[in-house]
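Chain by chain, the residues run as shown.
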Amino acid sequence: MMEMKDILEQGLLEKYLLDELSTEEAQRIESALATNQELRTHFQLLEADFEKMAFENAIPPPAHVKSALVNRLPASEVRSMPSSWLWIAASFVGVFLLSSLFMYTKWQSAQNELDFLEQQSTVLQDRLELLEENYKLTNNRLQIINNPSTIPFVLTGNEKTPNSRAVAYVNHENRLVVVNPKGLPPLPADQTYQMWSDVEGEMINMGLLPTDKDLVTLKYIDHAESLNITIEPAGGNDHPTVEQLISAVTLL
Amino acid sequence: MSHYQEDVAVISRIKNKEKDALYLLYDKYSGALFGIILRICRNQTLAEDLLQETFIKIWENIHGYDSAKGRFYTWAYRIAKNTTLNALRKSDTLIQTEDLGVLKDKGTTTTEVDLNRLNGAIKKLEPHHQEALSLVYFRGYTHREANEEMGVPLGTFKSYIRQALQLLRESYKSDLLLIWWLFEIVV
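Values in this document were obtained by computation on a predicted structure and should not be read as measured data. (Residues numbered from 1 in each chain as written. Chains lettered and ligands numbered in written order. Predicted model: local features only at pLDDT ≥ 70, side-chain atom pairs only at ≥ 80, totals over all residues.)

## Quick notes on the overall build of chain B
Item 1. Summing up its helical and strand segments, chain B has eight helices and zero strands in all.
Item 2. For chain B, the residues scored as buried account for 37% of the 187 residues in total. (Helix = DSSP H or I, 4+ residues; strand = E, 2+ residues; numbered from the N terminus. Buried ≥ 20, exposed ≤ 12 C-beta atoms within 10 Å, placed from the backbone.)

What follows is the structure, encoded as structure tokens:
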């Protein structure tokens, strides 16, 4: 190892600092510095003095040198990585938000459609029930009318209502009377048609005949000999007003 | 934290490729380094390019810097000096074939600073001490080139340098004493 005295006297520390030494010489100085604390202190003082001298003679460079440097340096890897990840994350969030909004709108419209269809279905259900009811009624009536044991009787009007016409379907087996009052002329609001059975000279109430109905089911009276229609005050009467008899038919 | 420790922290950030850390060092050292580069090459435009080049090299070669071997400034100074001398060698060959003296003329006219005038402690030295130190430190001469420039034997030149450094050290030491003394008075 070179003597510290030699190094100092030959001015090798200065030359080392100024980068004037060959690689081998520089390495020798470096290893001497690494092992010799006193030499290292000499070098540190020399460095400090040179640096101080440089600062005392500094010349500030124009600002555009720094901006040129900033422009020349490659995009920082360390910083660009997280920001690019942030951008990716942000775009994912954006896509997620957009698709969520889209899905929500879709869901809302599907929900509306479903509500509408449910309403429709309820309406259809109601109509179906109504039709079923109507069908049952109609079928029931048809069954009654078409039954072989049902006997139709036509009640034509007398001189009071010459154009009136009602049809009574009587089934003795089932003890059923159904009347079609459609052919009876309409009455004022304070009057109604009423039907009676004649049983051994006594008129027995069978029920009212509203003219707005297709078929009216009336009370079946045993041993009735004839069917009679009278015009009575609205709401019906306990006893027939014989003067107002408009039609009668014999069952026997 | 001392300015030396500060540098170590900043440099580890540069090793981590943080550009902001490089700009911190630029703000701190660009003036000192530009003073060296400009005094060696004597051309404002070229010096600006070379300063930029120096910091690009610092950025790219920061892993080659070992704080155990010396200060960051010493390392950066060597880069600045060598970058400038290499550029001058290149342009010298160009000048020989093309336009003689372009470099030297341009240098003195474009800069507003008197490059031959030095400031601070070195200014107080004897002219021959001043010149010897200036040649090797601010002008990029080797000891051998400098002693020829001054027209003195190498041995004499070396002793000029040693004396100059000795005087410089004393000057800075007395500055420190003055600061210490002022500090004591204030406290």
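Moving on, there is more to tell.
## Digging into the sheet that holds strand β2 (residues 165-171) of chain A
Residue and element names in this part refer to chain A.
Item 1. Taken together, four strands build an open sheet; the order of strands is β1-β2-β3-β6 and the sheet is antiparallel. Only two strands of the sheet have a single neighbouring strand rather than two, namely β1 (150-156) and β6 (216-218). Ignoring strand direction, the axes of neighbouring strands in this sheet form an average angle of 25°.
Item 2. As defined by bridge partners, strand β3 (residues 176-180) adjoins β6 across three bridges and the pair is classed as antiparallel. From the neighbouring strand, Val178 faces β6, where its bridge partner is Thr217. (Pairing = 2+ DSSP bridges. Axes fitted to C-alpha atoms, helices over the stretch in contact; angles between N-to-C directions.)

## Remarks on the sheet that holds strand β5 (residues 202-209) of chain A
Residue and element names in this part refer to chain A.
Item 1. Strand order in the open sheet made by the four strands is β5-β4-β7-β8, with antiparallel pairing throughout. Pairing within the sheet leaves two strands with one partner each, and these edge strands are β5 and β8 (245-250). Ignoring strand direction, the axes of neighbouring strands in this sheet form an average angle of 25°.
Item 2. Two elements, strand β4 (residues 191-199) and strand β7 (residues 226-233), share eight bridges in a ladder whose sense is antiparallel.

## Remarks on the nonpolar core
Item 1. Among the nonpolar cores identified, the biggest contains 64 residues, and Leu33(B), Ile37(B) and Ala76(B) are the most heavily contacted of them.
Item 2. In terms of residue count, the dominant contributor to this core is helix α2 (residues 19-41) of chain B (twelve residues).
Item 3. Counting residues in hydrophobic clusters, the runner-up holds 21 residues, among them Val177(A), Val216(A), Leu227(A) and Ile231(A). (Core = buried A, V, L, I, M, F, W, Y, C linked by C-beta atoms within 7 Å.)

Bear in mind that shape data such as this cannot, by itself, settle questions of function.
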